[in-house]
Each structure stands twice: as C-alpha cells, then as structure tokens.
Amino acid sequence: RAAIFRCEELPDLIELAWRHRDSPQILDGPAIEQQLSKLNFLPTGCDGIDDLLEGGLRQGQVTELTGEAGSGKTQLCLSAAASAAALGHRVVYLDTGGGFSAKRIKEFHRGFVTADADSAEVEQHLSLTLDLITVLSVHDILTLFKVLEELALGLSGDPGVPGDGGLEGNQDVVDIGRYMGLLVVDSLSSLLSPVITRLHHQGYTMMASTASLLRSLAPAHNCAVLYTNHTVSAGGNDRGGASIKPALGTRWTSTPHRRVCLGKGHGNDAQGCTAEVIYGPGTGSSCAFKVVGDGIRTL
C-alpha cells in the first residue's frame, strides 16, 4: 500500500532512520509501514482530492466538505467511509438525512479490487468492511450532542452510572468510540441551521459547543472528522451571476482545519464536479472529479 506524507515530516523519518542505522530490522517492510502509518492519513477514495489534502484526511483533524446540492458531498463521504473501513479502520457515520447507502459502499468496495481477485476473498473482505461501518441516525442537534459525548466516553470505556451527575452513554456507542478511526457527519449544517435563528437564543451557544466537541474528539481519539455543510447565496458577483458561500456563517469559519468547496460542472463538463481548498493549508488548489459506478475518478 502506498504511503503519502508531507515534506515537513521527512526530517523526523530521516532522524529515525539515522538513530537506527545499526539496526537492520528497521529496513524491513512491516517496520517501515508501521512508522509511516503514524503519519495518519486516511484516503478519500479520490486521488485528486487526496492530493488537495496533501495525503488524505488527516487523523486528529477536522475537514469540511461544502457545496451546493448535487456537487458530490455525500458521495465523497461514502467513498471515504468505504476506503477507511477497507483498510481496517472503524468508521462512525452519523446520517442526518437518510443519505447513507450500503449499496454504494459495496460499489465503492468493488472499485478497490482487481478484476482477477478471488471472489470468495472479495466477499469476505466486503463483509469485514461493512462490519466496520456503524451508521447512526441523528435528526436533531440534541441527539448529536448525546452521540458525540458517548463517542468521547469511548476513551475511558465507561458509559457512566445513571444518577451520578456525570455523563451517561450507551455502552455500544461507547465501545465503538474507543476504536474510531473516522467520524462522518452528513450533513452537519442540516442540524445546526434550524437553531441558528433569532427565535432560538441559544443557537450560537449550541454551534460553539458542537465545534468544541468535534475539535476535541479528533485529536483525543486520533481520528479524522469529516462533515458536510451546505451553501447559501452570497449575492451577485462581478459577472452578474449569483455567488454562494458556506452556510453556518463567520463564527464557524475556523472550526475545520480544512474546508473543501465542491461545485457542479456546467456546459460540456456537466457530468463532472470540482473541488477547491478554500480554507486551511493548500488554499487555492483545486481539481476536477467525476462520480462513477464504482468510485470517484479524478479528471
């Protein structure tokens, strides 16, 4: 399996190799893979977007996918979930609108294997991949708080005791949180937008609490957090057309470590989509991609 790492992390690897220059075993494949695995990147399933993210979804960090409807946000979430689970990582997928599709996970998995792969082994690996994806339906912000707190309790493995004044959690969710490698929330903005109104005076407090939970969960569990955010109108642009901007407003801007804006293709490229980093490292870099039957292809 190819490992991708950033240039600034090379000195640590070089120093590690130098310190062990008299130890031949450091050069064997498993030892090298173990060291590289500490760089903690999870693939999205699209090489072009992995390049934009300088290797993929970084565990310990929060990544936002924003874009209009039909720009590929949910497809990328499903692809990332399938990719991470196929590599043996526990995935927790918080589905807020019924967009999760086990059928699409199977289709993405099919794209990971070669045509001459043994069918029995492929089915066995698919079964293991599906077992590593836990889907939880979350339809309001309070349920989201409860689930995130239960996942946070996974570090201690203790669901708490009812009535003791502390956090209480479902043991199954607590156990899942203990081994979580990727957390997906699709869509986060659909839960937050209804409470960020003048009629809901605690809306911004809830938004700040959500941001704090996500930002603390990622490094505490050394997991990657990926969520989706819709877009809203930003008024007209210089060319006389309408422009868009991420929802949730400026107070949410610094919550993700990276924000990737997805766009639908137009004209001759109507079947393709675009991705551009608009916040965080790599801002301004972009690529084009297309969602196909068994994967997401870079154009």
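The preceding data block contains the structure.
Being a predicted model, the structure only gives us computed values, none of them experimental.

### A short note on the pairing of strand 7 (residues 224-229)
- Across the six residues of strand 7, six count as buried, placing the element largely inside the fold.
- Residue alternation in strand 7 divides its side chains into two sets, Ala224, Leu226 and Thr228 and Val225, Tyr227 and Asn229, and both sets are buried.
- Two elements, strand 3 (residues 62-67) and strand 7, share five bridges in a ladder whose sense is parallel. Within strand 7, the residue paired with Thr66 across the bridge is Asn229.

### A closer look at the pairing of strand 13 (residues 295-298)
- Note: strand 12 (residues 286-292) against strand 13, four bridges, orientation antiparallel. Across the sheet, residue Val291 finds its bridge partner in strand 13, namely Ile296.
- Turn length for the strand 12-strand 13 hairpin, with the two strands adjacent in sequence and antiparallel, is two residues.

### Considerations on helix 7 (residues 141-153)
- In a regular helix each residue adds 1.5 Å, so 13 residues correspond to 18 Å; helix 7 covers 18 Å between its end C-alpha atoms and thus fits that length.
- Listed in full, the buried residues belonging to helix 7 are Ile141, Leu144, Phe145, Val147, Leu148, Glu150, Leu151 and Leu153.
- The elements touched by buried residues of helix 7 are strand 4 (90-95), strand 5 (133-137), helix 8 (171-178), strand 6 (180-186), helix 9 (189-192) and helix 10 (203-221).
- For helix 7, the side-chain oxygen to backbone nitrogen distance between the N-cap and Leu142 is 3.1 Å, and the N-cap itself is Asp140.

### Some details on the environment of Tyr227
- Along the chain, the position of Tyr227 falls in strand 7.
- Sequence separation of Tyr227 and Leu188 is 39 residues, and the distance between their C-alpha atoms is 6.1 Å.
- Excluding its chain neighbours within four sequence positions, the residues that come into contact with Tyr227 are Val62, Thr63, Glu64, Leu65, Val185, Leu188, Leu214, Trp252 and Pro256.
- There is a polar contact of 2.5 Å between the side chain of Tyr227 and the side chain of Glu64.

### Observations concerning the packing of helix 7 against helix 10
- Axis separation between helix 7 and helix 10 bottoms out at 10 Å; the angle between their running directions is 25°. When the axes of helix 7 and helix 10 are compared, the pair comes out roughly parallel. Between helix 7 and helix 10 lies a crossing of left-handed hand. Residues Ile141, Leu142, Leu144, Phe145, Leu148, Leu151 and Ala152 of helix 7 form the contact with helix 10, whose participating residues are Met206, Ser209, Thr210, Leu213, Leu214, Leu217 and His221.
- Here the residues of the contact of helix 7 with helix 10 are counted per class, giving eleven nonpolar, three polar and no charged.

Rules used throughout
- Residues numbered from 1 in each chain as written.
- Predicted model: local features only at pLDDT ≥ 70, side-chain atom pairs only at ≥ 80, totals over all residues.
- Heavy atoms only, no water.
- Buried < 20%, exposed > 50% of the residue type's maximum accessible area, 1.4 Å probe, protein only.
- Helix = DSSP H or I, 4+ residues; strand = E, 2+ residues; numbered from the N terminus.
- Pairing = 2+ DSSP bridges.
- Expected span 1.5 Å × (residues − 1).
- Contact = heavy atoms within 4.5 Å.
- Polar contact = N/O pair within 3.5 Å; in protein donor to acceptor, adjacent residues only side chain to side chain.
- Axes fitted to C-alpha atoms, helices over the stretch in contact; angles between N-to-C directions.
- Parallel < 35°, antiparallel > 145°, perpendicular 65-115°, else oblique.
- Left-handed = near helix turned anticlockwise from the far one by under 90°.
- Nonpolar A, V, L, I, M, F, W, Y, C, P; charged D, E, K, R; others polar.

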